Every structure is written in C-alpha cells, then in structure tokens.
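The lines below spell out each chain.
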Amino acid sequence: MSTNTETKTAADDGGIPSDPLTDHSYDGIQEFDNPMPGWWKMLFLLSILYSIGYWVYYENGITPNRSIIAAYDRALAANLQQQFAEIGDLQPTREIILKFADDPKWLKVGEVAFQTNCTSCHGTKAEGRVGPNLTDEKWKNVKKVEDIAKVINHGAAGNAMPAWQNKLHPNEVVLLSSYLLSLKGSIPSGAGMKSIPGEIHEISDLTAAPATEEAPADTTTKPAEANE
C-alpha cells in the first residue's frame, strides 16, 4: 500500500490530470483527492443556516403557536369542535355516559383520548401499570357511573391520578368515561389490580339500574260514609 501522496501530471501518465492522489491504495487503485465542489459546500452551509432559522422561528419555545406540535393541537381542537357540533355539549350524567358506552362511533373518540393521555399509567389496554387495572369488575374511587367523570376531571389518590379538567374537552371527559365503562370485563392478559389505597366497588353495581323507592303504603283510614 502506498502511503505517500503522489502528484501525476499529464506528461507522467499519458494525459491523466495533474490532481493529487489520496494516500491510500486498494489493489493498486488510487483515488484523486479532489475537493468538494464550491456549489455543494454552499448548499450545505445554506442548509445549516436554514435549520437554525427554522428552529428560531418555530421551535424556540418563546413564540407561542408556531411549532408543529401547536399546529397539530389546533387542528385536533378544530376537528373535535367539528365532531362535537353533532352531539352538542354533553353532561357527565349517568344516562349520558351509559348511552355513549354503547355507541361504537363515539367510543372511538374516547379510545383516542385514552390512548393519547392515559396509557403511561394504565397501559395500552387499560390493564394497569403504575395506575390500576380498569378492565375488571372492581374499581376504586368510583361508586356511581358519574363518578368516573369526576375522577377524570378532579383526579384521585392524592393526585397520583392527575386532574384532566383543564386538559380535556368536557365532551372528551364524557366519552372517555363511556369508553372506560365499556372495557369492564375485558381483562386483557397481564392485567391486575394495583395496590392503591381506596375502597373497591363492584362495577356491576354501577351499571345496574338505580333502585326506585316505593311509595309508602297509605295507612290512613277513611271516615265511614254516613248511612242514608
């Protein structure tokens, strides 16, 4: 292998340009040591300057609503508003949550909200990770169907479960509640109840129709009718 840089001239080798050769040789083959073209270097420099300008304008963290993430959030919010125009403003009542728990179209919106915000603690299938399993018949911090939305809105377990009231659209909270209710009994592999303090309630009790109180029997006696 040659270790010295050689310079060949047209006179040396029958017309080969007099450019310097690299100092390595492979099987007797050497390469010309030509510099990069000036136009290529200029494009490379411009791409670096452009990337700096792009970061300053879009990703500096100082000017709001310019980043790709902000643009995505705006598009998502606009899409949600368009979807929710169809159903109006939902109230987190028992009847509404149960109604949408049987609606596949709107359950998909609840599922997206879950996959976007809840999987780091509850797992992708709600099987439980840091947070508890949400797919079996036992829940914590929930005694009534509408309590699901309350826990989502206000959090639980000393903020171990964060509050989402200011992060999710109210309709998302309702549809997320419906989605979680629809998961009861699915129990994917690897699911288990995490040991988080709190009273455990049977989810079957939540979906049962509330008991109606019977009116007390009328024990008053009517005065006897006067005989004619």
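Now for a quick tour of the structure. What you are looking at is a predicted structure, and each value in this text was computed from that prediction instead of being measured.

Here we come to the overall build of the chain. Secondary structure assignment for the chain yields 8 helices and 2 strands. The secondary structure elements of the chain, listed N-terminal to C-terminal, are α-α-α-α-α-β-α-α-β-α. In the chain, buried positions account for 28% of the 228 residues. Surface accessibility of the chain: about 15,800 Å² in total, with carbon and sulfur atoms responsible for 56%.

Right, let's get into helix 4 (residues 104–117). In this model helix 4 runs 20 Å from its N-terminal to its C-terminal C-alpha over 14 residues, within 8% of the 20 Å that 1.5 Å per residue would give. In this structure, the buried residues of helix 4 make contact with helix 2 (68–84), helix 3 (94–100), helix 5 (119–122) and helix 7 (170–182).

Summed over all chains, the structure comprises 4 aromatic pairs. Plain terms: the ring middles of Trp-40 and Phe-44 are 5.6 Å apart, the flat faces sit at 10° to each other, and that makes the pair stacked. With a gap of 4 residues between them, Trp-40 and Phe-44 both fall in helix 1 (residues 38–58), about one helical turn apart. Note on Phe-44: relative accessible area 47%, which makes it partly exposed. For the ring pair Tyr-50 and Tyr-54, a centre distance of 6.4 Å and an interplane angle of 40° mean the geometry is tilted. Pair noted here: Tyr-50 and Tyr-54 are both in helix 1, with a separation of 4 residues, about one helical turn. With relative accessibility at 60%, the residue Tyr-50 sits in the exposed group. Above the ring of Trp-164, the side-chain terminus of Lys-167 is found at 5.0 Å from the ring centroid.

Tallied over the entire structure, the rule returns 3 salt bridges. A salt bridge links Glu-86 to Lys-105, with the shortest nitrogen-to-oxygen separation between them at 3.0 Å. With Glu-86 in the loop between helix 2 and helix 3 and Lys-105 in helix 4, this pair connects stretches of sequence that are 19 residues apart. What makes Lys-105 partly exposed here is its relative accessible area of 48%. Between Lys-150 and Asp-147 there is a salt bridge whose closest N-O contact spans 3.9 Å. With a gap of 3 residues between them, Lys-150 and Asp-147 both fall in helix 6 (residues 145–154), about one helical turn apart.

If a residue is not glycine, its phi is most likely negative; likewise, a peptide bond is most likely trans. Even without being a glycine, Asp-27 presents a positive backbone phi close to 55°. Take Asp-27: its relative accessible area is 80%, and that puts it in the exposed class.

Within helix 6, 7 of the 10 residues are buried, which leaves it mostly tucked inside the rest of the structure. When we look at burial in helix 6, the residues that qualify are Val-145, Asp-147, Ile-148, Ala-149, Val-151, Ile-152 and Asn-153. Immediately beyond the C-terminal end of helix 6, within one or two residues, lies Gly-155, with a positive phi of roughly 80°.

Looking at the element boundaries, Glu-127 is found in the loop between helix 5 and strand 1 (138–140). No salt bridge is formed by the buried Glu-127. Its closest oppositely charged neighbour is Arg-129, at 5.7 Å. There is a polar contact of 2.9 Å between the side chain of Glu-127 and the backbone nitrogen of Lys-125.

This part takes up the nonpolar core. Formed by 31 residues in total, the largest nonpolar core has its most connected members in Phe-114, Ile-148, Ile-152, Leu-175, Leu-176, Tyr-179 and Leu-180. Listed by contribution, the elements that provide at least two residues to this core are helix 2, helix 3, helix 4, helix 6 and helix 7. Per-element accounting of this core gives the leading share, 7 residues, to helix 7. Those residues in contact with Leu-176 that lie beyond four places of it in its chain are Gly-110, Phe-114, Cys-118, Ile-152 and Leu-168.

Here is what the cut-offs are and how they apply
Residues numbered from 1 in each chain as written. Predicted model: local features only at pLDDT ≥ 70, side-chain atom pairs only at ≥ 80, totals over all residues. Heavy atoms only, no water. Helix = DSSP H or I, 4+ residues; strand = E, 2+ residues; numbered from the N terminus. Buried < 20%, exposed > 50% of the residue type's maximum accessible area, 1.4 Å probe, protein only. Areas by Shrake-Rupley, 256 points an atom, 1.4 Å probe, with all protein chains shown as cover. Expected span 1.5 Å × (residues − 1). Contact = heavy atoms within 4.5 Å. Phe/Tyr/Trp six-rings, centres within 6.5 Å; stacked < 30°, edge-to-face > 60°. Lys NZ or Arg CZ within 6 Å of the ring centre and 35° of its normal. Salt bridge = Lys/Arg side-chain N within 4 Å of Asp/Glu carboxyl O. Lys, Arg positive; Asp, Glu negative; His and termini not counted. Polar contact = N/O pair within 3.5 Å; in protein donor to acceptor, adjacent residues only side chain to side chain. Core = buried A, V, L, I, M, F, W, Y, C linked by side-chain atoms within 4.5 Å.

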